[in-house]
Amino acid sequence: MFGVSTFRLGDTSYAVLGLVDLFEPVTPYRLKQIAQLSIFHFWSIPHTQLYTECARLAAAGLLAERQ
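Predicted, not measured: the structure shown is a model, and the values here were computed from it.

Cut-offs and rules
- Residues numbered from 1 in each chain as written.
- Predicted model: local features only at pLDDT ≥ 70, side-chain atom pairs only at ≥ 80, totals over all residues.
- Heavy atoms only, no water.
- Helix = DSSP H or I, 4+ residues; strand = E, 2+ residues; numbered from the N terminus.
- Buried < 20%, exposed > 50% of the residue type's maximum accessible area, 1.4 Å probe, protein only.
- Polar contact = N/O pair within 3.5 Å; in protein donor to acceptor, adjacent residues only side chain to side chain.
- 1 Å grid on protein atoms, 1.4 Å probe; cavity = no way out; pocket = protein on both sides within 12 Å on 5 of 7 lines; lining within 4 Å.
- Points joined across faces, edges and corners; volume = space filled by probe spheres on them.
- Contact = heavy atoms within 4.5 Å.
- Patch = residues over 30% accessible without salt bridge, like charges linked within 9 Å, V, L, I, M, F, W, Y side chains within 5 Å.
- Areas by Shrake-Rupley, 256 points an atom, 1.4 Å probe, with all protein chains shown as cover.
- Salt bridge = Lys/Arg side-chain N within 4 Å of Asp/Glu carboxyl O.

Asker: Before we go on, may I ask you to explain the side chain of Thr 12 in this structure?
Answerer: Mapped onto the elements of the fold, Thr 12 is located in helix α1 (residues 11-23). Looking at Thr 12, the relative accessible area reads 12%, which means it is buried. In terms of polar contacts, Thr 12 uses its side chain to reach the side chain of Gln 49, at 3.2 Å.

Below is the structure:
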């Protein structure tokens, strides 16, 4: 778990949180598909970063995760 002072939200964090808020429940794979149709036209985020960002946000308690 990250402490409040050590956890930083970046541009990708906000993009992931915004897309999850709009399309939840969503898997990281589905999130990648949604991003390809929407924000990837003007914002380049490596696909692998979407996966790692989801895990990072879940570890920080900002996303609920089901497996």
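Asker: What is the right way to read the layout of surface pockets from this model?
Answerer: Once rolled over the atoms, a probe with the size of a water molecule shows which space is left empty. Looking at the largest pocket, its volume works out to about 420 Å³. Forming the boundary of the largest pocket are 15 residues, of which Val 26, Thr 27, Ala 64, Glu 65 and Arg 66 lie nearest the centre. Of all the elements in the fold, those that place two or more residues in the lining of the largest pocket are α2 (28-37) and α3 (47-59). The leading source of residues in the lining of the largest pocket is α3, at four residues.

Asker: Explain the environment of Cys 54 to me, please; I cannot follow it from the model alone.
Answerer: Relative to the elements of secondary structure, Cys 54 occurs in helix α3. The exposure class of Cys 54 is buried, given its relative accessible area of 11%. Along the primary structure Cys 54 and Ala 35 are separated by 19 residues, whereas in three dimensions their C-alpha atoms are 13 Å apart. Once residues lying within four places of it in the same chain are set aside, the contact partners of Cys 54 are Val 16, Pro 28, Leu 31 and Leu 63.

Asker: For this particular structure, what's the right way to read unusual backbone geometry?
Answerer: Backbone phi values are negative for most residues with the exception of glycine, while trans is the configuration of most peptide bonds. A cis amide bond links Glu 24 with the next residue in sequence, Pro 25, at an omega value of -5 degrees. Secondary-structure assignment places Pro 25 in the loop between α1 and α2.

Asker: Mind showing me how you'd approach a nonpolar patch on the surface here?
Answerer: Together, Leu 9, Tyr 14 and Leu 62 make up an exposed nonpolar region whose accessible area comes to about 290 Å². Tracing the sequence through the fold places Tyr 14 in helix α1.

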